[in-house]
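Structure at a glance
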Amino acid sequence: MLITVRPSAARGSACVALAFLALLSGCADEGEPVRVDGGDAAAGKRLVAHYQCGACHAIPGIPGATGDAGPALDTMGRLSYIAGGIPNNPAQMIAFLRDPPALKPGTSMPALGLTEQEARHMAAYLYTLR
Ligand code: HEC
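Given the structure is predicted, the values throughout are model-derived calculations rather than measurements.

Rules used throughout
Residues numbered from 1 in each chain as written. Predicted model: local features only at pLDDT ≥ 70, side-chain atom pairs only at ≥ 80, totals over all residues. Heavy atoms only, no water. Donors = N, O, S within 2.8 Å, 3.2 Å for Na, K, Ca; no water. Tetrahedral: all angles 85-135°; square planar, octahedral: opposite > 155°, others 65-115°. Helix = DSSP H or I, 4+ residues; strand = E, 2+ residues; numbered from the N terminus. Buried < 20%, exposed > 50% of the residue type's maximum accessible area, 1.4 Å probe, protein only. Contact = heavy atoms within 4.5 Å.

Some points on the coordination of the iron atom of the ligand
- Only H57 (NE2) and M109 (SD) from the protein reach the iron atom of the ligand as donors, at distances of 2.0 to 2.1 Å.
- Each of the 6 donor atoms around the iron atom of the ligand contributes to a set of angles spanning 84 to 179 degrees, which defines the coordination as octahedral. Here H57 is found in the loop between α2 (41-50) and β1 (81-82), whereas its partner M109 is found in the loop between α4 (100-103) and α5 (116-126), with 52 residues between them in sequence. Accessibility assignment for this pair places H57 and M109 in one class, buried.

Some details on α5
- Counting buried positions along α5 yields 8 of 11 residues, so the element is predominantly enclosed.
- All of the buried residues along α5 are E118, A119, H121, M122, A123, A124, Y125 and L126.
- Those residues of α5 that are buried are in contact with α2 and α3 (90-98).

In structure tokens:
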């Protein structure tokens, strides 16, 4: 009798095995991104492109986002602090994105006139970067 293994089934079980190994090795922060109530990461990604945050930031996944005036945002979802000293949680992230100098006097990131909802979507997107 001939036993065949469908390639797709083999790939599926390899993924399960990898996920299990990740659990064993204690990659706790590899779980779900921080949840932002009312924030839509896909909308946030479009807004980040629209507002050209990439003029100052390197952001993986946003075409042309290679700026270096500000820090790269590729690990924003797992940093403990925003801009070096502001606790990284959704409320603070939204406030920072709307008015950086209000949270960090003297910072060179300008307020870009974001609405609360726009900043909320962007925060949801930024937390997927890690
Ligand atoms: C004119 C340049 C400029 C633009 C445009 C800009 N930023 Fe920034 N951004 C900065 C600088 C500079 C910092 C570092 C601030 C500090 O530490 O004082 C920063 C910091 C940040 C941080 C914190 C990064 C970290 O590692 O802690 C986030 C998040 C961020 N910006 C998101 C955005 C988003 C989203 C946009 C678009 C809406 C944007 N920025 C537009 C210059 C800019």
